[in-house]
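# Reading the structure
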Amino acid sequence: MPRFGELACRLEGFRTELAQHFRNEEQYGERLHVHGPEVSADTSAAAADGGRQHEQLLDRLSKLNQRLRRGQEEFRGWNAAVEEVGALVKEICEHERHEMEILRNVTNGRNEQ
């Protein structure tokens, strides 16, 4: 149980930082839209979709954290728990790469995704 609880504690800190990061991104997106009328409808739609994805990722991270706090009985074993955490972190990284590509397009004057 201690390993599962320790991982849950670490993930809680990660979730807190990630939530702040997502809030910052969303605030930046709002400023882009207000101050950049050249931002396309596609880019605005992508930003709205990104906000929904942020909520979903944070929710999944919270649920995984709750399962980790309940302990080993929630998983097929330690390796399964670590693999699940790794898969979610990989998905978060892919989400961030996609957002960076959108941002590059907007800041480079290309108004598409």
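From a predicted model like this one, the values you see are computed outputs, not experimental measurements. (Residues numbered from 1 in each chain as written. Predicted model: local features only at pLDDT ≥ 70, side-chain atom pairs only at ≥ 80, totals over all residues. Heavy atoms only, no water.)

## Considerations on the overall build of the protein chain
When its secondary structure is counted, the protein chain shows 3 helices and 0 strands. When the elements of the protein chain are put in sequence order from the N terminus, they spell out α-α-α. Looking at the 113 residues of the protein chain, the share that counts as buried comes to 32%. Long-range pairs, those at least 24 residues apart, make up 80% of the contacts in the protein chain between residues at least 6 apart in sequence. As presented, the protein chain carries roughly 7,400 Å² of accessible surface, and 52% of it is formed by carbon and sulfur atoms. (Helix = DSSP H or I, 4+ residues; strand = E, 2+ residues; numbered from the N terminus. Buried < 20%, exposed > 50% of the residue type's maximum accessible area, 1.4 Å probe, protein only. Contact = heavy atoms within 4.5 Å. Areas by Shrake-Rupley, 256 points an atom, 1.4 Å probe, with all protein chains shown as cover.)

## What to know about the nonpolar core
Grouped together as the largest cluster of nonpolar side chains are 17 residues, with contacts concentrated most on L11, L18, L64, L68, F75, V85 and L88. Residue assignment for this core shows that the elements contributing at least two residues are α1 (2-35), α2 (41-70) and α3 (78-107). The element that contributes the greatest number of residues to this core is α1, accounting for 7 residues. Excluding its chain neighbours within four sequence positions, the residues that come into contact with L88 are L57, R60, L61 and L64. (Core = buried A, V, L, I, M, F, W, Y, C linked by side-chain atoms within 4.5 Å.)

## Focus on the packing of aromatic side chains
Within this structure, the stated rule accounts for 2 aromatic pairs. Taking 5.9 Å as the distance between ring centres and 20° as the angle between the ring planes, the aromatic pair formed by F4 and F75 counts as stacked. Of this pair, F4 sits in helix α1 while F75 sits in the loop between α2 and α3, placing them 71 residues apart in sequence. Under the relative-accessibility criterion, F75 is labelled buried at 10%. (Phe/Tyr/Trp six-rings, centres within 6.5 Å; stacked < 30°, edge-to-face > 60°.)

## Quick notes on the pattern of salt bridges
For the structure shown, the criterion picks out 7 salt bridges. Of the charged contacts, one joins E6 and R10 as a salt bridge, the two residues approaching to 2.8 Å between their closest N and O atoms. Here the residue E6 and the residue R10 both occupy positions in helix α1, the gap between them amounting to 4 residues, near one helical turn. Between E101 and R104 there is a salt bridge, and its shortest N-O distance comes to 3.2 Å. You can see E101 and its partner R104 sitting in helix α3, 3 residues apart, about one turn around the helix. Classification of E101 as partly exposed rests on a relative accessible area of 36%. (Salt bridge = Lys/Arg side-chain N within 4 Å of Asp/Glu carboxyl O.)

## Overview of the confidence of the model for the protein chain
Across the protein chain, pLDDT averages 85, with 79% of residues at or above 70. Here α2 stands out as the least confident element of the protein chain, with mean pLDDT 85; α3 is the most confident, with 92. (pLDDT = per-residue confidence, 0-100.)

## Here we look at α3
With 30 residues, α3 should cover 44 Å at 1.5 Å per step; its first-to-last C-alpha distance of 43 Å lies within 8% of that length. Every buried residue of α3 is listed here: A80, A81, V85, L88, I92, H95, E96, E99, I102, N105 and V106. (Expected span 1.5 Å × (residues − 1).)

## A few points about the environment of E74
Mapped onto the elements of the fold, E74 is located in the loop between α2 and α3. Classification of E74 as partly exposed rests on a relative accessible area of 28%. Each C-alpha atom of the pair E74 and L64 lies 9.6 Å from the other, and the pair is 10 residues apart in sequence. Here R70 takes part through its side chain, which lies 3.0 Å from a polar atom of the side chain of E74. (Polar contact = N/O pair within 3.5 Å; in protein donor to acceptor, adjacent residues only side chain to side chain.)

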